[in-house]
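Geometric and topological summary
Below are the chains, spelled out letter by letter.
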Amino acid sequence: MKLVTTSNRNRARDNLARLTFGRDSLICHEARNFGQARQELFVATYMAMRMIDDHVDHQPACDRGPESPTLARIASWRENIRTAASGIAPGTHDPLEADILFELSRTLPGADLGPRPWDALALAMRADALGQLMPTFEDFLAYAEGATVAPTYVFTWLLAADDSTCNLSSNTSNEEIWDLARPLGISCYLTHIMRDLVQDARAGHNLLTIPRELWDDLSDDREALASRLAGEGAREVIILRHRLFERLSTFANATNKARNRLMQILAPENQLILKRILAHYANCAIQMTSSRGNERHIRAET
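Owing to the predicted nature of the structure, the values given are computational and were not obtained by experimental measurement.

Here we come to helix α12 (residues 252-265). Taking 1.5 Å of rise per residue, the 14 residues of α12 would be expected to cover 20 Å, and the 20 Å separating its terminal C-alpha atoms lies within 8% of that figure. All of the buried residues along α12 are T255, A258, L262, M263 and I265. Here the buried residues of α12 occupy an arc of 155 degrees about the axis, which is enough to place them on one side. With respect to the buried face of α12, the exposed residues turned more than 90 degrees away are N253, K257 and Q264. Contact partners of the buried residues in α12: α7 (137-160), α8 (174-195) and α13 (268-289).

Another point: the confidence of the model for the protein chain. Any residue range with low pLDDT should be treated as having predicted coordinates unsuitable for detailed reading. Averaged over every residue, the pLDDT of the protein chain is 90; residues scoring 70 or more account for 93%. Predicted confidence for residues 295-302 stays below pLDDT 50, and this span has 13 contacts to residues more than four positions away or in other chains.

It is at 9 Å that the axes of helix α3 (residues 36-57) and helix α5 (residues 95-107) come closest, and there the two elements cross at 135 degrees. Between α3 and α5, the angle is such that the two are oblique. Crossing angle aside, the handedness with which α3 passes α5 is left-handed. Here α3 contributes E40, L41, A44, T45, M47, A48 and M51 to the contact with α5, which in turn contributes L96, E97, I100, E103, L104, R106 and T107. In terms of residue class, the contact of α3 with α5 is made up of eight nonpolar, two polar and four charged.

Residues F42, L104, W157, I210 and L240 are the most contacted members of the largest nonpolar core, which totals 94 residues. With 15 residues, the single largest contributor to this core is α7. Setting aside anything within four residues of it in sequence, one finds I210 in contact with M134, I193, L197, W215, L240 and L244.

Looking at where A201 falls in the secondary structure, it is placed in helix α9 (residues 197-203). Given the relative accessible area of 6%, A201 is considered buried. Residues A201 and G231, 30 residues apart in the sequence, show an inter-C-alpha distance of 9.1 Å. In this view, A201 contacts L208, A226, L229 and A230; residues no more than four positions away in its chain are not counted.

Applying the stated rule across the entire model yields 21 salt bridges. For R182, the salt bridge is made with D179, and the minimal N-O distance between the two is 3.3 Å. On the criterion of helical spacing, the pair formed by R182 and D179 is a turn pair, its members being three residues apart in helix α8. On the basis of relative accessibility, which here comes to 26%, the residue R182 falls in the partly exposed class.

Here the focus is helix α10 (residues 222-230). Inspection of α10 places R222, L225, A226 and L229 among the buried residues, and these make up the whole buried set. Seen end-on, α10 carries its buried residues on one side only, within an arc spanning 100 degrees. Opposite the buried face of α10, at more than 90 degrees from it, the exposed residues are E223 and S227. In this fold, the buried residues of α10 make contact with α9 and α11 (234-249).

One can find N270 in helix α13. Among residues more than four places away in sequence, those in contact with N270 are F34, R38 and L159.

All chains considered together, the criterion is met by eight aromatic pairs. Measuring from centroid to centroid gives 6.3 Å for F34 and F42, while their planes differ by 85 degrees, and the two rings are edge-to-face. One exposure class covers both F34 and F42, and it is buried. With 5.6 Å between their ring centres and 35 degrees between their planes, F34 and F155 make a pair best called tilted. Of this pair, F34 sits in the loop between α2 (26-31) and α3 while F155 sits in helix α7, placing them 121 residues apart in sequence. Residues F34 and F155 agree in their burial class; the two are buried. Site record: aromatic cluster; members linked through ring pairs are F34, F42, Y46 and F155. In this structure, R247 is placed above the aromatic ring of F137, and the distance from its NZ or CZ to the ring centre is 4.8 Å.

About the cut-offs
Residues numbered from 1 in each chain as written. Predicted model: local features only at pLDDT ≥ 70, side-chain atom pairs only at ≥ 80, totals over all residues. Heavy atoms only, no water. Helix = DSSP H or I, 4+ residues; strand = E, 2+ residues; numbered from the N terminus. Expected span 1.5 Å × (residues − 1). Buried < 20%, exposed > 50% of the residue type's maximum accessible area, 1.4 Å probe, protein only. Arc of directions from axis to C-beta. Contact = heavy atoms within 4.5 Å. pLDDT = per-residue confidence, 0-100. Axes fitted to C-alpha atoms, helices over the stretch in contact; angles between N-to-C directions. Parallel < 35°, antiparallel > 145°, perpendicular 65-115°, else oblique. Left-handed = near helix turned anticlockwise from the far one by under 90°. Nonpolar A, V, L, I, M, F, W, Y, C, P; charged D, E, K, R; others polar. Core = buried A, V, L, I, M, F, W, Y, C linked by side-chain atoms within 4.5 Å. Salt bridge = Lys/Arg side-chain N within 4 Å of Asp/Glu carboxyl O. Phe/Tyr/Trp six-rings, centres within 6.5 Å; stacked < 30°, edge-to-face > 60°. Lys NZ or Arg CZ within 6 Å of the ring centre and 35° of its normal.

Structure representation (structure tokens):
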């Protein structure tokens, strides 16, 4: 099959913006408030990360493991990102990926995001492709560096970036933004897992990214756990949501400290964006662990 490259800037930009802002995503909705340069960088990076995440998520269990063909796809994706960051749009067989790489080649070279988010996400995607289990919460946190901290870093970096230069000012650094993004991303990720527990279980046990120590007494293996959560396992749903909420609560102090520091860094309009996002996730987490909230969501999912 012939390799495809994109040469029409407006078509690529408009196509990716349509796909990004058409998603039912809070951060996509909030990114509409960015200036043009930050919005275009957000769209390109969001779609690049979404592309590989969706690809890995849709791999069946039989295609996961040391011989998984997805491993080569992840390596190719990472190399293409590296090439695009140098200002060159590599050819690809997929027209959508061609648009993404074109927009990355146009927006990434001028933005000092660094390689860390791409490297971290690639490692997390490899763990998914290998079908690796997470025995402990520490294993979960290591996985979360790529699965959630990396994309949260990109969004937080964009919140902190100057609209005119699309780069950070001198009052912070990539390293600090990563450290601030960590508790925010993990807190939001745990909330996502709580919210989507039944939906993910029904889509396949490989989507249950919950450390075994949190469910070891509820099921013999992850397949059986998914079956119970996807069926009539209301008790298991409630227990797991409360256990996840307990772990989420341990990040409260770090999340508040990160929020307070970002309030010192961000422009007023971007402070409001961050406040809205954090308030949304805090309310969602509380609803997930309330008696009425659990009953409502279980009824909606059964």
